[in-house]
Amino acid sequence: MGSQTLQILRQGVWAALSGGWYYDPHQATFVNALHLYLWLFLLGLPFTLYMALPSSMIIVAVYCPVVAAVFIVLKMVNYRLHRALDAGEIVDRSANEFSDQRAKAEPGNCSTRRKDSNGPSDPGGGIEMSEFIREATPPVGCSSRNSYAGLDPSNQIGSGSSRLGTAATIKGDTDTAKTSDDISLSLGQSSSLCKEGSEEQGKFSSTLYETGGCDMSLVNFEPAARRASNICDTDSHVSSSTSVRFYPHDMLSLPQIRLNRLLTIDTDLLEQQDIDLSPDLAATYGPTEEAAQKVKHYYRFWILPQLWIGINFDRLTLLALFDRNREILENILAVVLAILVAFLGSILLIQGFFRDIWVFQFCLVIASCQYSLLKSVQPDSSSPRHGHNRIIAYSRPVYFCLCCGLIWLLDYGSRNLTTSKFKLYGITFTNPLVLLSARDLVIVFTLCFPIVFFIGLLPQVNTFVMYLCEQLDIHIFGGNATTSLLAALYSFLCSIVAVALLYGLCYGALRDAWDGQHVPVLFSVFCGLLVAVSYHLSRQSSDPSVLFSLMQSKIFPKAEEKNPEDPLSEVKDPLPEKLSSSVSERLQSDLVVCVIIGVLYFAIHVSTVFTALQPALKYVLYALVGVVGLVTHYVLPQVRKQLPWHCFSRPLLRTAEHSQYEVRNAATMMWFEKLHVWLLFVEKNIIYPLIVLNELSSSAETIASPKKLDTELGALLITIAGLKLLRSSFSSPTYQYITVIFTVLFFKFDYEAFSETMLLDLFFMSILFSKLWELLYKLQFVYTYVAPWQITWGSAFHAFAQPFAVPHSAMLFVQAVVSAFFSTPLNPFLGSAIFITSYVRPVKFWERDYNTKRVDHSNTRLASQLDRNPGSDDNNLNSIFYEHLTRSLQHSLCGDLLLGRWGNYSTGDCFILASDYLNALVHLIEIGNGLVTFQLRGLEFRGTYCQQREVEAITEGVEEDEGFCCCEPGHVPHVLSFNAAFGQRWLAWEVVVTKYILEGYSITDNSAASMLQVFDLRRVLTTYYVKGIIYYVTTSSKLEEWLANETMQEGLRLCADRNYVDVDPTFNPNIDEDYDHRLAGISRESFCVIYLSWIEYCSSRRAKPLDVDKDSSLVTLCYGLCVLGRRALGTASHHMSSNLESFLYGLHALFKGDFRISSVRDEWIFADMELLRKVVVPGIRMSIKLHQDHFTSPDEYDDPTVLYEAIVSHEKNLVIAHEGDPAWRSAVLANSPSLLALRHVMDDGTNEYKIIMLNRRYLSFRVIKVNKECVRGLWAGQQQELVFLRNRNPERGSIQNAKQALRNMINSSCDQPIGYPIFVSPLTTSYSDSHDQLKEILGGPISLGNIRSFIVSTWHRLRKGCGAGCNSGGNIEDSDTGGGTSCPGNSAVTASDPHNNVSQGSTGHPGQGAGSGLHPPTTSYPPTLGTSHSAHSVQSSLVRQSPARASMASQSSYCYSSRHSSLRMSTTGFVPCRRSSTSQISLRNLPSSIQSRLSMVNQMEAASQGGMGCVQHGLPSSSSSSQSIPACKHHTLVAFLGAEGGQGSAIEAQPGNTSSPANISHARKGEVIYRVQIVDLSQILEGINVSKRKELHWPDEGIRLKAGRNSWKDWSPQEGMEGHVVHRWVPCSRDPSTRSHIDKTVLLIQIDDKYVTIIETGVLELGAEV
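Let us look at the structure shown here. (Residues numbered from 1 in each chain as written. Predicted model: local features only at pLDDT ≥ 70, side-chain atom pairs only at ≥ 80, totals over all residues. Heavy atoms only, no water.)

1. As for the overall build of the protein
Part 1 of the reasoning: Per the secondary structure count, the protein includes 53 helices and 32 strands.
Part 2 of the reasoning: Look at the contacts in the protein between residues 6 or more apart in sequence, and 76% of them connect residues 24 or more apart. (Helix = DSSP H or I, 4+ residues; strand = E, 2+ residues; numbered from the N terminus. Contact = heavy atoms within 4.5 Å.)

2. Examining the pattern of salt bridges
Part 1 of the reasoning: The tally for this structure, following the rule as stated, stands at 49 salt bridges.
Part 2 of the reasoning: Where Arg-1053 meets Glu-1050, a salt bridge forms, and the shortest distance between an N and an O atom there is 3.4 Å.
Part 3 of the reasoning: For Arg-1161, the salt bridge goes to Asp-1064, with nearest N and O atoms at 3.5 Å. Note that Arg-1161 is positioned in the loop between helix 38 (1140-1151) and helix 39 (1170-1192) and Asp-1064 in the loop between strand 17 (1061-1062) and strand 18 (1082-1083), a separation of 97 residues in sequence.
Part 4 of the reasoning: For Arg-1161, a relative accessible area of 39% translates into the label partly exposed.
Part 5 of the reasoning: For Asp-1064, a relative accessible area of 11% puts it in the buried group.
Part 6 of the reasoning: Connected through shared salt-bridge partners, Asp-1062, Asp-1064, Arg-1127, Arg-1161 and Asp-1162 make up one network. (Salt bridge = Lys/Arg side-chain N within 4 Å of Asp/Glu carboxyl O. Buried < 20%, exposed > 50% of the residue type's maximum accessible area, 1.4 Å probe, protein only.)

3. Some remarks on the packing of helix 18 (residues 545-555) against helix 19 (residues 575-606)
Part 1 of the reasoning: Where helix 18 meets helix 19, the axes come as close as 10 Å, and the angle between the chain directions of the two elements is 85 degrees. What the angle tells us is that helix 18 and helix 19 run roughly perpendicular. Between helix 18, through Val-546, Leu-547, Ser-549 and Leu-550, and helix 19, the contact on the second element is made entirely by Leu-579, Ser-580, Val-583, Ser-584 and Leu-587.
Part 2 of the reasoning: Partitioning the contact of helix 18 with helix 19 into residue classes produces six nonpolar, three polar and no charged. (Axes fitted to C-alpha atoms, helices over the stretch in contact; angles between N-to-C directions. Parallel < 35°, antiparallel > 145°, perpendicular 65-115°, else oblique. Nonpolar A, V, L, I, M, F, W, Y, C, P; charged D, E, K, R; others polar.)

4. Some thoughts on the packing of aromatic side chains
Part 1 of the reasoning: Scanning the entire structure with this criterion turns up 58 aromatic pairs.
Part 2 of the reasoning: With a centroid separation of 5.8 Å and 90 degrees between ring planes, the pair formed by Tyr-425 and Phe-764 is classed as edge-to-face. Separated by 339 residues along the polypeptide, Tyr-425 in the loop between strand 9 (423-424) and strand 10 (427-428) and Phe-764 in helix 25 (residues 758-786) bring together distant segments of the chain.
Part 3 of the reasoning: A relative accessible area of 25% means that Tyr-425 is categorised as partly exposed.
Part 4 of the reasoning: For Phe-764, a relative accessible area of 28% gives the class partly exposed.
Part 5 of the reasoning: Put simply, the rings of Tyr-425, Phe-742, Phe-746, Phe-747, Tyr-751, Phe-754, Phe-763, Phe-764 and Phe-769 touch in pairs and so form one group of aromatic residues.
Part 6 of the reasoning: The positively charged end of Arg-1018 is found above the aromatic ring belonging to Phe-1143, 5.7 Å away from the centroid. (Phe/Tyr/Trp six-rings, centres within 6.5 Å; stacked < 30°, edge-to-face > 60°. Lys NZ or Arg CZ within 6 Å of the ring centre and 35° of its normal.)

5. Looking at the sheet that holds strand 28 (residues 1570-1574)
Part 1 of the reasoning: One open sheet holds the five strands; their spatial order is 31-30-29-28-32, and the pairing between them is antiparallel. Each edge of the sheet is formed by a strand with only one pairing partner; in this case those strands are strand 31 (1650-1655) and strand 32 (1659-1664). On average, each strand axis in the sheet is tilted by 40 degrees relative to the strand beside it, whichever way the strands run.
Part 2 of the reasoning: Where strand 28 meets strand 29 (residues 1618-1625), three bridges bridge the pair, whose relative direction is antiparallel. Bridge pairing links Gln-1573 to Glu-1618 in strand 29. (Pairing = 2+ DSSP bridges.)

6. Digging into helix 19
Part 1 of the reasoning: The terminal C-alpha atoms of helix 19, which comprises 32 residues, lie 45 Å apart, in line with the 46 Å expected from a rise of 1.5 Å per residue.
Part 2 of the reasoning: Asp-590 marks where helix 19 bends most, by close to 30 degrees.
Part 3 of the reasoning: Just beyond helix 19, the residue with positive phi is Thr-608, at close to 60 degrees. (Expected span 1.5 Å × (residues − 1). Bend = angle between axes of the 7 residues up to and from the residue.)

7. Digging into a nonpolar patch on the surface
Part 1 of the reasoning: A cluster of nonpolar side chains, Tyr-783, Met-811, Phe-813, Val-814, Val-817, Val-818, Phe-821 and Phe-822, forms an exposed patch at the surface whose accessible area comes to about 760 Å².
Part 2 of the reasoning: Of all the elements, helix 27 (residues 809-822) adds the most residues to the nonpolar patch, at seven residues.
Part 3 of the reasoning: Mapped onto the elements of the fold, Val-817 is located in helix 27. (Patch = residues over 30% accessible without salt bridge, like charges linked within 9 Å, V, L, I, M, F, W, Y side chains within 5 Å. Areas by Shrake-Rupley, 256 points an atom, 1.4 Å probe, with all protein chains shown as cover.)

8. A closer look at unusual backbone geometry
Part 1 of the reasoning: A cis geometry characterises the amide bond from Gln-614 onward to Pro-615, with omega recorded as 0 degrees.
Part 2 of the reasoning: Tracing the chain through its elements places Pro-615 in the loop between helix 20 (609-612) and helix 21 (616-640).
Part 3 of the reasoning: With an omega dihedral of 5 degrees, the bond running from Gln-1312 to Pro-1313 counts as a cis peptide bond.
Part 4 of the reasoning: Phi at Phe-845 is positive, roughly 75 degrees, even though this residue is not glycine.
Part 5 of the reasoning: Mapped onto the fold, Phe-845 is located in the loop between strand 12 (835-837) and helix 28 (862-867).
Part 6 of the reasoning: A positive phi is found at Asn-1231, a non-glycine position, where the angle reads about 65 degrees.

Listed below in structure tokens is the structure:
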């Protein structure tokens, strides 16, 4: 503790005060002395020149060139030295010699080699590695005493007589050689040891190890080619691998070498323990110290091509001397800043701004700014990251230059003022006294630079630029918060451009003549454009990356290149495309809406309504905004809170889900949510624009008058004020009504004399109120945090600091005011009651874009996947749920905020979403008009003790509290007790809602050990494993190719023998059901006994069934694959399948795809690896799901049909994958309905296997709003404590639980490594256009395409309604529904079928009843007429052929003509179409509407089906009395007469009409398919298709599988959807295939490719479909 405190005082406090200089006891005297003299030089040079020379430009002329020369030399030498050391040349020489001596070896002898050593003057260790060049700069904290060794990455192997693994040659001094000794380590699999004279040999090995926390960037790299001539090998076998040189004082002891071997877990190194214990190695260590005193080593630094000098230190020493500037531009920038600091500092000195001791203080500031460019403070108090921060070195000189320039400008302005004055609210800003006061304030601030940078009040430069642009954009131009430095500059530039464009119009309008009743038209144009531009800017995100990518895709489209061999090519993230689509829709909408808004408000303004209705209009608007704002932003949010006004115990306005225990559907839209949306819409789109335009009209002339601000400045202020007020009201109108009401009351009734027109009053008061709100939040946080009755001391320091914080309450209030003015966090020091102000930060807070990188197979090496299973910890695997939660919020967050489901919100607000296992902090960053940019931080599922206590605090109810002070008298029902109400008011958080519905995944985990504990359960799993392999091989499209593959046939030749038996010892009679005890293995005969029936059934389900018998090639292939799969399972289980742990280990290895082919008999699989990837791997994965189903219905899967259908269903509805597979993440993000995985958890000493099942459903969250200043303050405190103060205590007091502030949850959500969230999302933008419920209220985006679709659909509805109303007084409802008939038969043929024309005498085929076929259905659909969805409604009277379906029960389908499904079996039966014309109906007595519609039918069918026998060409108009109807059109007539009421007589008039079964069975060839619209979702039978009772007889098995929620996945039927009826079940029907299981008619509707089963009362019939 003491050493850490001294280090903080030296490297933190003193270095921050001096600008970077401090004494480092770990460095050499030379390093510390150079630092001291350099710092004294930079301090003494300006002070000496100022004292010695007169105050003139001579000081500048001398000082600046000297500083420039010093910095140019130092930076150039430093840069060249680093380049030289990166790829430099090491030279060794004796201490008594001064020339480089080359050893000349005699033939046959070893050539002598150089020796690397640090002389006495170089205490730093050095390392040199060959064949690599890295440019990474090490952290400054890595001192030169740390030694390193490296392994050869190329694994080059040298040959030799002795193979000792990694060997080394250590050479001692010799008497004959005149060169220095060398200590080298050659890394290879073998090397030869050479002796020379009396040299002693030693052997030791090295590993890649690290001492002191530095990384591999500390290693010096040198090409091996430069040392090729010096490599020695007695046996002429030299290892060319990387050589690593150790220096004598950095030699490792034997325990260290052994420890490093253990840490690397390298088997080759561990085998050398005995070698290291040899006496040779111990003898080698003796002369090293003596050799170090004789030898010096240095690097060659080439000055000229033939001239070099020796550098006697390595790169570690150089890094300890000066910071490394990696790029040339960085060096140039440092030199320029140093010269600029010298120039501006000397200018201020000679102008006499400083006197007496302040001259020395100013010189000290100059020296600290310049010295930080050479050796910066690391870590700085305002550094946001650990390690070396390159940007922070430029902070001091940049701020110094800004302050000096500001001092000079203010002084120049005070002495050269013009006659014009700028005065607002009684303050003359152009008064010289004001400017001089500001100049003196900046001077004092500059002199306090050491204290300012020590406390950390100024951020690094890029943060400051982002903060400045963001604050100016928000408070001056009404912009939003930004997400990055680029976004801040982009948003600020857009605001500047908008002001520049509008300024010209405003200036031109103000130059025109104004009268009392008329406003210039140009000013009305300006007002209209101002509203339109403000609306557009408020709807645009500050991040231009999506917009730029959209423009790039439109201008330069690129074709996506997919590599079919890449397994990740199919994995595509849908979010970028979704964001681009949303941005494109918004831009198209703005193109239309901005024009409408501009024209509308121009018309309103030019109508003189703002001049003729004064002053009554403005008071009406003020009253309106007060009432609407109060109801929208205060009353409604309060009555919807969980604890309204902290008095009631439940919401006064409750949602439909409030009382539900488990939510199954999306949140229901409530009436007060619709009211909130409409009030908000009216407020921000109508009321606020009218108020701003009213103030513009009444204030513009006054502001631009010469008495006020003149035209030029007045036009600028008018433009800025109008833009700011409109943009802020469009983006975030939550607190605007308070600002307006207070401004009106203050300046109209209290201090009217101080008013500067209401426009400017509103502008400045909006800025003031934003700061007052921030001050209020800070004071609430402070008072809540330090309240004595609820403070929690996390450490002894907290108890010590608590009483000392009381006397400084006044100072704390001042700090709160200052921090609110500058928008800086107010953080508790080390988590105590003492608060300090941090540096300014943007709303985003965190300065680096950190987001979680999930570890899976796409970003890890294959070797690590197979051996160590990376990312197997719970936190990494569970992070995907927070990523899915982020996507769900991206879809619905903005809409839910506009619906008021999260209460009031503003920029920077923080919320906590708490569920059973999910606890996430949501940070709202940018809030625009219809968009929200947020970041989600997910906490651990199983958090610490402190986190659990705080989770309990936010989830527990307070209704049971009956306390009143010290007694418990109880409370009024649904009202909080006194103690509960008092406690809720002293919290930094509040529960907004307890039932927030969001789509997510419910997680179910079962222990795999308990499910596979006994042998019988493992046998079941193995059986399903084999059946799964058989299923996938028989259903594969490549089966014929595999059966014809000669290589496979050759490999399976032995398996084809009937008497073949595989006696591999991995097979177990307890696990393998087909184990042959007689032959002690798995024989082909025993395999066929168990699985041949399953093979036969699977083959029969193929489109082209294959020959299946015991000797067939298909059985041989299945047998070989099943034996291979089980052998792979046994191999992965280490041939110990009887052991549960080994069995689970092997099962998990196969589940993730790690198949080890260990037998020669299985090498035939390499002929096509698709067999492993598409057959065996899915088989083992499917077996786990089937094994789970086995527990619910043990004997259900004995039936092959049920098992086959279950596998088919699981394939469609279930994703089974390893959690490390990228397909798992893709499936989760794609909202797959169900997922399953086998998880191996190795965390905190646990080693268990779990079967994880995910089911997509609607989750219920508690939404807790946290004081945003509490979050910012705690985050800032953690950053300062861990980065600057270096507190590494995992149980530090600042992260202990504090329920009143949720201290642990907030601190644990910081960016890693400061906090420990398991997931941090990237900044994500949610748009209101993606919220379906919000679209139902306000409609979708108004674009040209949507307008065209609306007009077309409206015209079609009008045309349909008018057509029905103008013909015979027809009913519009009947026209819509058409009374159409339905013939949902599934075996109809298309019009092109030659058997379409069937004679009346044809009979049905009784053998084709339901269930007569086992083949899967094949469905084909003819193209529908029309180009739009509404075309079916327009042409509801037209007839088309029904789709052809190969159904098992289509012969039993009936057609019905009544809208209310009354069964007509006699006169309404259908007659098949005949070639003869003997059966025709006259049109003479038919209504005109039916005649016209029949004429249209014939004309259309004549055009589309010319040449068909059943079509009568040339049908005249319906006015012809002699026209007759062919029999093939009887069904069409029935459809029409169903609406007219005359169908009975018309049909009965025809001869030969009968309702025989034969006629009914053939009626499907001319049936009518009619459309229906869903009107009642509660009538949908979404689970009827999976019912085990089988209530309904389905027309097709394939349709049954598609007609339920298990097949719909993320799709669900909605009200208003339309589809056509394909089948009908009627109560009490004689035919079982059409019999309903209830007393209501049930319809089967097809909507696109989905099928919906619904009761008939839940639909509205739309008529016949064409």
